[in-house]
Amino acid sequence: MAFIVVYYHVVWATKYRLPLITEQIEPLIFDVIRAKSKQFKSPIHAINAVSDHIHIAVEISQTVALYEWVRQVKAVSSRIVNKEFPHLETRFYWQKSYSIHSFGKKRLPFVTRYIDKQKQHHEQGTLEPYLEQVPDD
């Protein structure tokens, strides 16, 4: 088997960019995504969100296709949120599209810091536009 290490910065948004990621829901989303990613043997290096989108730095195992990792973590996280919070005013859904940037190990500290400080970047207007792009559905 070949030795392959590729890091990805993955971003996707809630359906219609609704502010559905609340303080109560966010920890559940993170836990579910971490657990699913662990099943794929794909370590998450950073995960954070604001009310309408999520950022993840992940090292995808060579045994899983990147699109399959994205599809499954989005599916399971929305399903569990709707199960655990059945009385939400609006059902929780992710939009279909997402954004992916690959990067090397030398950039890992920059990307993880950026993700860890997502809320501050949004509050202070210190965003990196290319890392915030998510196509609309």
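Let us look at the structure shown here. Just so you know, these numbers come straight off a predicted model, no measurement behind them.

## Observations concerning the side chain of Thr 14
Topologically, Thr 14 is positioned in the loop between β1 (7–13) and α1 (26–39). One polar contact links the side chain of Thr 14 to the main-chain carbonyl oxygen of Leu 18, over a distance of 2.6 Å. Ignoring any residue separated from it by four or fewer positions in sequence, one finds Thr 14 in contact with Leu 20, Ile 21, Ser 51, Asp 52, Phe 92, Tyr 93, Trp 94 and Gln 95.

## A short note on the sheet that holds strand β3 (residues 53–59)
Read from one edge of the open sheet, four strands run β2-β3-β1-β4, paired in antiparallel fashion. The sheet is open, and its two edges are formed by β2 (44–50) and β4 (99–103), each paired on a single side. Taking each pair of neighbouring strands and ignoring which way they run, the sheet shows an average axis angle of 10 degrees. Pairing between β1 and β3: seven bridges, direction antiparallel.

## Thoughts on the packing of α1 against helix α2 (residues 66–84)
At their nearest, the axes of α1 and α2 sit 9 Å apart, and the two run at 140 degrees to each other. Compared by their axis directions, α1 and α2 come out oblique. Both α1 and α2 take part in a crossing whose hand is right-handed. The residues of α2 that touch α1, namely those facing Leu 28, Ile 29, Val 32, Ile 33, Lys 36 and Ser 37, are Trp 69, Gln 72, Val 73, Val 76, Ser 77, Ile 80, Val 81 and Glu 84.

Procedures and definitions
Residues numbered from 1 in each chain as written. Predicted model: local features only at pLDDT ≥ 70, side-chain atom pairs only at ≥ 80, totals over all residues. Heavy atoms only, no water. Helix = DSSP H or I, 4+ residues; strand = E, 2+ residues; numbered from the N terminus. Polar contact = N/O pair within 3.5 Å; in protein donor to acceptor, adjacent residues only side chain to side chain. Contact = heavy atoms within 4.5 Å. Pairing = 2+ DSSP bridges. Axes fitted to C-alpha atoms, helices over the stretch in contact; angles between N-to-C directions. Parallel < 35°, antiparallel > 145°, perpendicular 65-115°, else oblique. Left-handed = near helix turned anticlockwise from the far one by under 90°.

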